Amino acid sequence: MTTPTQFDAASDAAERSRLVSASDPVLEIKNLSVDYGYDDDPVHVLRQVSLTLGRGEVLGLAGESGCGKSTLAYAATRLLPPPGLITGGEVLFTDRDGTKTDILKLDDRALRASRWQDMAIVFQGAMNSLNPVFRIGRQIADGIQAHRPGISRKEALERSAELLELVGIAPDRLRSYPHQLSGGMRQRVMIAMALALDPQVLIMDEPTTALDVVMQRQIVEQIAELRTRLGFSVIFITHDVSLLIEIADRIAIMYAGEIIEDAAALDVYQRPRHPYSSALLHSFPPLRGPRRELTGIPGSPPDLAKLGGGCPFRDRCAFAFDACSTVTPELVRPVVAGDDPRRAVACLHHDPAVVRAMGQEPPAIPVEISRSAHDAERNAAVV
Amino acid sequence: MRFFLRRGLFYVITFWAAVTINFFIPRVMPGDPVRALIARNQGRIPSEAEASLRILFGLDKDATLWQQYLDYWALLFRGDLGISFTYFPTPVSDVIAQALPWTIGLVGIATILSFTIGTLLGTGIGWRRGTWADSLLPISTFFSAVPYFWLALIAISIFSVTLGWFPASGSYDRSLIPMWSWEFVGSVIYYGTLPALTVVISSISGWILGMRNMMVTVSSEDYVTVAQAKGLSERRVMLGYAARNAILPQVSSFALSLGFIVGGTLVMEIVFSYQGIGYLLFTAVAAKDYPLMQGIFLVITVAVLIANIVADIAYGILDPRTRQEG
């Protein structure tokens, strides 16, 4: 596990909003922006997204459909289908020996060499992720052979058999075609395939979406177990926040192409700092812990093509105030005393300095987004 | 294996049905072939010969239709298709055997060329869609939209009449004796180039378009993205993942077009006076030569059936999902 670095106590407003990042990052996404459309009026699907994945960490990425979760995964691996265009930012990958490379600046050869070896992806379509005309053994082996030119087909297939065993599939299934496997098995094969070259980062884009809940649980447990055994880092993308609380170390919540909250999983769950996170947590029943009232989030996500200035969530937010329609909030450390210095939230309630700079007096911060660790414990005890 | 057995049984039944229909159709057509033959010879055959001609053609016996049908099958298995009226007294099987290699050779090679070039072009265009290569599509579609006989006539007028590069008609230099010599084979290739070229040009757009569209569809499949994510070389992704799946519908239409080689090139053979099976059918129909027509229809039917079998086998090999495994 990573340890939080010393926070600089010289706390004027500018210093305070500087975020403290993980001390041993394996993947740093910095100010990544993605547009869809090549014409004069493209849609800004990702706007200056920054995210850091620590070594060995499971980072959950949650948000509603269309908020840019998958686009982030595709952009970070440069697999963005047309008309997607990366317009700015960096994706820094830190190798085991400490060398940093910017994935976005690699040439085609280096990029292909880096793929699967450094970062592997499991896509959401378990049904369509395998080539229907090749046996699965061949599909696992060809990835191995592409990166290890010296290896023979036989050795690659032996490695593939080991990988299948790793995910709980009998090795004789190597000779099966994808259509002979169930959806859950196919997704396991995809996970086995992703682990073929012992990658340091595994990006999972809704790996369990097409599966039933029992299979979902098995797959998630398997990923967690493999992670402890093999020590890779995971970016787990899903709209299912309850699943994330179970497996993620840290959760980043996305809304309208931006990350609006980034904190330890338990902190997000018990002490959300953004009104959207708070609302999201109240829109599904918790798997464990006390019962609580369920509420939906009124309205729907904004049209990214028509997004102006200000906070993108203001129209649906119960705590919006005047400044929200003019000032676009940036990720800052929340104002609540005693919070983890690595937490970040993009809400003006937590950035009173900016509101004051506009000549307005910030309103009192709502209790829903300012619960302290102490409050949460007391709250749980009462219920 | 069971898959091929079942398909085999299916083809036997189809073959039986085709031959049966082939047998009955001429018998329900009006007209008397013997009278037609005498009339065409304009008095060179005396009318007394009518009775002997009937015996020769086997029209004298007052056999029931059922008996005729059984006889037809018996003769068929011995390879006896009767005697041609037009090329009297050559047996139909010999007439067809002479014409068939020309058609299969010329149109077969042209079709294979068209398929290969078209599919390769389609793969490239589909993989890099939105580049200048897309402009090849309307050009090739234009040539296939032009009526074939017109395209062929224009080709003759430009390349044979005006430029004099290729002969305008025929299948080889008539001063040569047909044999397996370089000179004769060279002549056949020289005479066949222009007809083959027109066939390729008029048919290639279908292959390009079909492959291009399948490539565009398949390229957005998840498994192609996965192949990219695996870091395979672009060539491997394009050929092994995208084209490998995109070619499946192409293969079945290719096999079917092989079946139509035998019967489907009537216009080309007429325009170029090429001595193939299409030209033969044309003469047979014009001369009411029933045995020859029946023989040609049979050959066409068998060719389409064989092409279907080839398509089935090819598809079974290429796409594991179509195999029924026990």
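### Details of the overall build of chain B
Right, so step 1: Tallying secondary structure elements over chain B gives 13 helices and 0 strands in all.
Right, so step 2: Mapped in sequence order, the helices and strands of chain B form the string α-α-α-α-α-α-α-α-α-α-α-α-α.
Right, so step 3: With the C-alpha coordinates of chain B rotated into their principal frame, the extents come out at 85 × 60 × 35 Å.
Right, so step 4: Put simply, chain B has 326 residues, and 33% of those count as buried.
Right, so step 5: For chain B, the share of sequence-separated contacts (at least 6 apart) that also reach a separation of at least 24 residues comes to 72%.

### Some words on the interface of chain B and chain A
Right, so step 1: Contacts between chain B and chain A engage 19 residues on the former and 23 residues on the latter.
Right, so step 2: Those elements that place two or more of their residues in the side of chain B that touches chain A are α9 (222-229) and α10 (234-263) of chain B.
Right, so step 3: With 6 residues, the top contributor of residues to the side of chain B that touches chain A is α9(B).
Right, so step 4: Residue composition of the side of chain B that touches chain A, grouped by class: 7 nonpolar, 6 polar and 6 charged.

### Some words on the sheet that holds strand β7 (residues 201-205) of chain A
Residues and elements named next belong to chain A.
Right, so step 1: Here 7 strands make up an open sheet; going across it, the order is β6-β7-β8-β3-β9-β10-β11 and the pairing mixed. The open sheet has two edge strands with one neighbour each: β6 (119-122) and β11 (344-345).
Right, so step 2: When strand β9 (residues 250-255) meets strand β10 (residues 258-264), the two strands line up antiparallel, connected through 6 bridges. Within the sheet, the bridge partner assigned to tyrosine 255 lies in β10 and is glutamate 258.
Right, so step 3: The strands touched by helix α2 (residues 69-76) within the sheet are β3 (58-62), β6, β7, β8 (233-238) and β9, with β8 carrying the most contacts at an inclination of about 145 degrees.

### Details of the sheet that holds strand β4 (residues 84-94) of chain A
Residue and element names in this part refer to chain A.
Right, so step 1: Taken in spatial order, the 4 strands make up an open sheet running β2-β1-β4-β5, and their pairing is antiparallel. What marks the edges here is a single partner per strand, and that holds for β2 (43-54) and β5 (100-102). On average, each strand axis in the sheet is inclined to that of its neighbour by 5 degrees, with strand direction left out of account.
Right, so step 2: The pairing of strand β1 (residues 25-36) with β4 spans 8 bridges and is antiparallel. Bridge pairing in β4 places lysine 30 opposite glutamate 90.
Right, so step 3: Lying on the sheet, α2 is in contact with β1, β2 and β4; it crosses β2 at an angle near 70 degrees.

### Comments concerning the domain arrangement of chain A
All names here are of chain A.
Right, so step 1: Structurally, chain A comprises domain 1 (23-248) and domain 2 (255-382).
Right, so step 2: On a C-alpha basis, the centroid separation for the pair domain 1 and domain 2 is 29 Å.
Right, so step 3: In this assembly, 19 residues from domain 1 lie in contact with 15 residues from domain 2.
Right, so step 4: Considering each element in turn, the side of domain 1 that touches domain 2 owes the most residues, 7 residues, to β2.
Right, so step 5: Tallied by class, the residues present in the side of domain 1 that touches domain 2 amount to 10 nonpolar, 6 polar and 3 charged.

### Some details on the packing of helix α6 (residues 136-145) of chain B against helix α8 (residues 182-219) of chain B
Residue and element names in this part refer to chain B.
Right, so step 1: Where α6 contacts α8, the two axes come as close as 7 Å, and the packing angle between them is 140 degrees. In terms of their interaxial angle, α6 and α8 are classed as oblique. Crossing of α6 against α8: the hand is left-handed. Where α6 abuts α8, its residues Leu136, Leu137, Ser140, Thr141, Phe143 and Ser144 lie against Ile201, Ser202, Ser203, Ile204, Ser205, Gly206, Ile208, Leu209 and Arg212.
Right, so step 2: The residue inventory of the contact of α6 with α8, partitioned by class, reads 7 nonpolar, 7 polar and 1 charged.

### Quick word on the pairing of β8(A)
Residues and elements named next belong to chain A.
Right, so step 1: With 6 of its 6 residues buried, β8 lies for the most part within the structure.
Right, so step 2: Relative to β8, β3 runs parallel, the two being bridged by 5 bridges. The residue bridging valine 58 from the neighbouring strand is valine 234, located in β8.
Right, so step 3: As paired elements, β7 and β8 share 5 bridges and run parallel to each other.

### Some words on the confidence of the model for chain A
Residues and elements named next belong to chain A.
Right, so step 1: Of the residues in chain A, 90% reach a pLDDT of 70 or more, and the chain-wide mean stands at 83.
Right, so step 2: For chain A, the element scoring lowest by mean pLDDT is helix α1 (residues 13-17), at 41; β9 scores highest, at 92.
Right, so step 3: Contacts for the low-pLDDT stretch residues 1-20, under 50 throughout, to residues beyond four places or in other chains number 27 contacts.

### Side note on the packing of helix α4 (residues 136-147) of chain A against helix α6 (residues 183-194) of chain A
Residues and elements named next belong to chain A.
Right, so step 1: Contact pair α4 / α6: the axes reach a minimum separation of 9 Å and the direction vectors enclose 25 degrees. Here α4 lies roughly parallel to α6, going by the angle between them. Read as a crossing pair, α4 and α6 show a hand that is right-handed. Counted together, Ile136, Gln139, Ile140 and Gly143 of α4 and Val189, Ala192 and Met193 of α6 form the full contact between these two elements.
Right, so step 2: In the contact of α4 with α6, the residues fall into 5 nonpolar, 2 polar and no charged.

Definitions and limits used
- Residues numbered from 1 in each chain as written.
- Chains lettered and ligands numbered in written order.
- Predicted model: local features only at pLDDT ≥ 70, side-chain atom pairs only at ≥ 80, totals over all residues.
- Helix = DSSP H or I, 4+ residues; strand = E, 2+ residues; numbered from the N terminus.
- Buried ≥ 20, exposed ≤ 12 C-beta atoms within 10 Å, placed from the backbone.
- Contact = placed C-beta atoms within 7 Å.
- Nonpolar A, V, L, I, M, F, W, Y, C, P; charged D, E, K, R; others polar.
- Pairing = 2+ DSSP bridges.
- Axes fitted to C-alpha atoms, helices over the stretch in contact; angles between N-to-C directions.
- Domains from an automatic or database assignment.
- Parallel < 35°, antiparallel > 145°, perpendicular 65-115°, else oblique.
- Left-handed = near helix turned anticlockwise from the far one by under 90°.
- pLDDT = per-residue confidence, 0-100.

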